Amino acid sequence: MKKWIYTLALCLLCVCGLARAESDPDAVDLYLLLKQINQLNQVIARYEKDPSKRSEIPLYSDQKNDLIHAFALRLLNNQEQIGINMKQNLQQQEHLKKVLFKSSKNNDVYTYVLSTLELKSLEADQQMHDFLEKLRTSLDFFSQEKDVNTISMATLLKFEGAAAKTYILPTDLEALKLHQLQEVLHDYQLKLKTYLEVLHYIQQHPQQVLSKNILFSIDMQWVLERLASMIGKVFPSSHGLQSAKILLSFVLLIFLLTLRKLITTLFIKALDLFVRFSRKNEQVQQRIRNSIIAPISTFLLIYSFDISIDILHYPHPAPIKFSMYLGVIYISLLGWLGVALFKAYGAALLATLASKRNGFRREVVNLILKVAYFFIVIITILAVLKQLGFNISAIIASLGIGGLAVALAVKDLLANFFASVILLLDNSFGQGDWIVCGNVEGTVVEMGLRRTTVRGFDNALFFVPNSELAGKSIRNWNRRKVGRRIKMNIGLTYSSSREDLSKCVHAIRTMLEEHPHIAKFSDLDASAKQEMGAQHDYIMDRQHIVSMDDLMGYKSNLFVYVDNFGDSSINILVYCFSKSVIWGEWLAIKEDVMLKIMQIVEDLGLSFAFPSQSVYLESVPRDLKHNT
């Protein structure tokens, strides 16, 4: 992505009238860069032999590294000539081969060895030319780092083979000729060393070869040079290149920071093209925007500083530790963005599915979201560990070996997780249901991966492990479509006649049958009939196995009978169901039924009995008889 930022910087310069000419006067042949690198190697080799000059070696090594870096950046720029005249090179090779043939016949050892070394040097130049030419013709805009490594590996092996050879010079030559041969051999070996260093650098940093967009032929060096020339004209005393780095990094930093909201908006618009259900829902779009603006803005902020620091360190790469920690930050931000996107889009999508007929239950939606968050966090942690240098394969393998120990350590956690899955599959209860399980009674708030949260009727909050719910009987009061039981015993006095009792029973039964809020199968509400009709196929499949009225929660039984002779009353059983299952409405219906029963008893001249006992004395004491 950085190359696009650099490209944008170049485009801004081009708008200012600094478009590059077709023939760039600053273009340098690649072979000239190779010669400069080779010259620095010669200086370093000479200073290594002189103890007084060894302190200056790091300076020349830095210059050499800069040249190698510049060479890699210029490789795919077609405006940079390779610089090796292959026609002349091949002609010289043919000439040297003839000289070798003549010198071998004449036993001219000096000429033979000298021509051999010169021929080897020309062949090395030819191999480097062929490598550069193949690199340019084989790589394109879609090439990857492995393509660079594959092409460079063949040439690298040839140079390593040539560098591994040992050459023994003849000792029976004149001192001058022997010294000349030693110089030629030394130059050849230094050339091989130079080529090997360049190839090793390309092998280790293939992204720098591809860091340039081939469509535009742009590199950072060109941008900085143009900026430096502009600054030099305005401020002659300024440090051109360093000032250009500071200016470009500051401009790009401000530019990216000002575009955070625009980039976020464009990102959301791009997502809306693929997620259709959120296009017409402004509330969902606003929630998504609020969720992802923070991670995107933070990413752009960090990325702005990353680009600025890269520019300030150019042509040297940023410190390795700095890049490593920035990678950790990027991975963490990517995980944050993934969670935010899934939380916004995933929750909205799953909620849409859950709202449809026969859609997902809310508990399943909640479980899917939590499992997704868990996997996103795990993947993010593994990516962070890999970025920090840990061997992820070894970690995963160790987890497999220690799986038994881990399973034993978290057996309760695993038991609760699988219990939650079983409860979801069994559909024992759902969010908002009134349940009773052991000593826990209340409304289900949320079913999690490990525990279920229940709000008690005294407003206390219960956290019940799912394994406990799965292992005990659960009473679910909300699984009732129509019918909440009303049961009572009406106690009338023993002074009531048989005819009056019969009339009372008949009157109470008639009142309940005509009551608009007492459930009867003949007048189930339209929604209940519609639901039963919607599940017609399911009912037909199971009607011979279970009672569908009991399974779906429809109760309409109505009984009014003289039940028993109590100790102090004749009891009439009243057994029926209200249509509503809501507690407040059920209480109101029950109250109305009781008041109407009282009215019936009063109209018939009957009386409610109350607990009483009669005491009979077999004999009366004399004192009591005398007093009476």
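- Named according to an unreviewed UniProt entry, the protein is Mechanosensitive ion channel family protein originating from Helicobacter baculiformis.
- According to UniProt, the comment filed for the protein under the heading Subcellular location (unreviewed entry) is "Cell membrane".
- As stated in UniProt under Sequence similarities (unreviewed entry), the record for the protein gives "Belongs to the MscS (TC 1.A.23) family."

1. A few points about the sheet that holds strand E6 (residues 484-492)
- Spatially, three strands are ordered E6-E8-E7 in an open sheet, and the strand pairing comes out antiparallel. Of all the strands in the sheet, the pair left with one neighbour each is E6 and strand E7 (559-565). Between one strand axis and the next, the sheet turns through 25° on average, direction left out of account.
- Judged from the six bridges that link them, E7 and strand E8 (residues 570-578) form a sheet pairing that is antiparallel. Pairing of Phe-559 across the sheet is with Tyr-575, part of E8.

2. Considering the pattern of salt bridges
- What the rule picks out here adds up to four salt bridges.
- Here Lys-191 ties to Asp-125 by a salt bridge, and the two come within 3.1 Å at their closest N and O atoms. Linking Lys-191 in helix H7 (residues 175-204) with Asp-125 in helix H5 (residues 109-138), this pair joins segments that are 66 residues apart in sequence. Each member of the pair, Lys-191 together with Asp-125, is buried.

3. Focus: the environment of Ile-381
- Mapped onto the fold, Ile-381 is located in helix H14 (residues 362-387).
- In this structure the C-alpha to C-alpha distance between Ile-381 and Ser-332, which are 49 residues apart in sequence, comes to 8.2 Å.

4. Focus on the UniProt feature "transmembrane region" (unreviewed entry) in the protein
- With numbering matched to this structure, UniProt assigns "transmembrane region" (unreviewed entry) to residues 246-271, 292-312, 324-352, 364-384 and 390-410.
- Taken end to end, residues 292-312 has its terminal C-alpha atoms 30 Å apart, with 100% of it in helix and 0% in strand.

5. Side note on the packing of helix H2 (residues 30-49) against H7
- It is at 9 Å that the axes of H2 and H7 come closest, and there the two elements cross at 115°. Where H2 crosses over H7, the handedness of that crossing is right-handed. Where H2 abuts H7, its residues Tyr-31, Leu-34, Ile-37, Asn-38, Asn-41 and Gln-42 lie against Asp-187, Leu-190, Lys-191, Lys-193, Thr-194, Tyr-195, Glu-197 and Val-198.
- In terms of residue class, the contact of H2 with H7 is made up of six nonpolar, four polar and four charged.

6. Some points on a nonpolar patch on the surface
- On the surface, a nonpolar cluster with roughly 570 Å² of combined accessible area is contributed by Phe-374, Phe-375, Val-377, Ile-378, Ile-379 and Ile-381.
- Note that Val-377 resides in helix H14.
- In this structure Val-377 comes out as partly exposed when scored by relative accessible area, which is 43%.

How each quantity is defined
- Residues numbered from 1 in each chain as written.
- Predicted model: local features only at pLDDT ≥ 70, side-chain atom pairs only at ≥ 80, totals over all residues.
- Heavy atoms only, no water.
- UniProt positions renumbered as here; feature names shortened; annotations may be inferred.
- Pairing = 2+ DSSP bridges.
- Helix = DSSP H or I, 4+ residues; strand = E, 2+ residues; numbered from the N terminus.
- Axes fitted to C-alpha atoms, helices over the stretch in contact; angles between N-to-C directions.
- Salt bridge = Lys/Arg side-chain N within 4 Å of Asp/Glu carboxyl O.
- Buried < 20%, exposed > 50% of the residue type's maximum accessible area, 1.4 Å probe, protein only.
- Left-handed = near helix turned anticlockwise from the far one by under 90°.
- Contact = heavy atoms within 4.5 Å.
- Nonpolar A, V, L, I, M, F, W, Y, C, P; charged D, E, K, R; others polar.
- Patch = residues over 30% accessible without salt bridge, like charges linked within 9 Å, V, L, I, M, F, W, Y side chains within 5 Å.
- Areas by Shrake-Rupley, 256 points an atom, 1.4 Å probe, with all protein chains shown as cover.

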